Amino acid sequence: MTRRGIRWAVLALGLGVAGTAMAQDKQGDVNVFVNGGIGGYTGDLGELSATGPSWGATLNLQPFSMLGFEVGYEGSKNDVTDDRFRAAEAPSLIRHGATTLVKLSPPFEKVRPFVGAGLGVSYVYVRGGTGDTYTSDLMQEVPLAAGIEFNAGALTAGIRGTWRVLVDDNFADEAVPGDASGALVDGTLTVGGRF
């Protein structure tokens, strides 16, 4: 992992801690929810992998009616579709990561559309034999999200799309001439509780 990568990871964790501290000083909603959906890579990475399931769990703090903070875990599984590995069992890219997000929304209570941006860090584990073509790697992300949340009493649900700009995606560099490029896109449904 490069020094730049370490700085991104520290900044992502710092943003999450700062958001949590701000929310504790103010009155507001605390939402805890899980999500599930589908996602895949784009660009060079998308040509080498299939769409697959994504999942996660998030703590959302809403200290102000128009400003919220999220800290969460995100995961995904995408099978490698590289022709070099079709004869054997296809390897998979398993991703586990931490994400922080700053959310902006209109001051609506029951139906709340939002946009958000943040920082994240993920570990991509390559399951299955690929030699040196794909290697496990720690990568930094800039998540950009948009969605809508529905709040009723103690329940919350929603739908969101997230585009993750991959800052350091070296896990497939040996599979593509030059530097493999791409992003990670997913669409998920969320459901949880409000406290």
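Residues numbered from 1 in each chain as written. Predicted model: local features only at pLDDT ≥ 70, side-chain atom pairs only at ≥ 80, totals over all residues. Heavy atoms only, no water.

Quick notes on the packing of aromatic side chains
Inference 1: Summed over the entire model, instances satisfying the criterion amount to zero aromatic pairs.
Inference 2: Sitting over the ring of Phe114, Lys103 keeps its end group 4.5 Å from the ring centre. (Phe/Tyr/Trp six-rings, centres within 6.5 Å; stacked < 30°, edge-to-face > 60°. Lys NZ or Arg CZ within 6 Å of the ring centre and 35° of its normal.)

What to know about a nonpolar patch on the surface
Inference 1: There is a patch of nonpolar side chains on the surface, built from Val32, Leu59 and Phe195 and spanning about 300 Å² of accessible area.
Inference 2: By secondary structure assignment, the location of Leu59 is in strand E2 (residues 52-64). (Patch = residues over 30% accessible without salt bridge, like charges linked within 9 Å, V, L, I, M, F, W, Y side chains within 5 Å. Areas by Shrake-Rupley, 256 points an atom, 1.4 Å probe, with all protein chains shown as cover. Salt bridge = Lys/Arg side-chain N within 4 Å of Asp/Glu carboxyl O. Helix = DSSP H or I, 4+ residues; strand = E, 2+ residues; numbered from the N terminus.)

So, the sheet that holds strand E8 (residues 183-194)
Inference 1: Strand order in the closed barrel formed by eight strands is E1-E2-E3-E4-E5-E6-E7-E8, and the pairing between neighbours is antiparallel. The sheet shows a mean angle of 25 degrees between the axes of neighbouring strands, taken without regard to direction. (Pairing = 2+ DSSP bridges. Axes fitted to C-alpha atoms, helices over the stretch in contact; angles between N-to-C directions.)

Topic: the environment of Arg127
Inference 1: Positionally, Arg127 belongs in strand E5 (residues 111-127).
Inference 2: In sequence terms Arg127 and Ile94 are 33 residues apart; their C-alpha atoms lie 7.0 Å from each other.
Inference 3: In this view, Arg127 contacts Lys77, Pro91, Ser92 and Ile94; residues no more than four positions away in its chain are not counted. (Contact = heavy atoms within 4.5 Å.)

Note that every value here comes from positions in space, so none of it alone points to a role or purpose.
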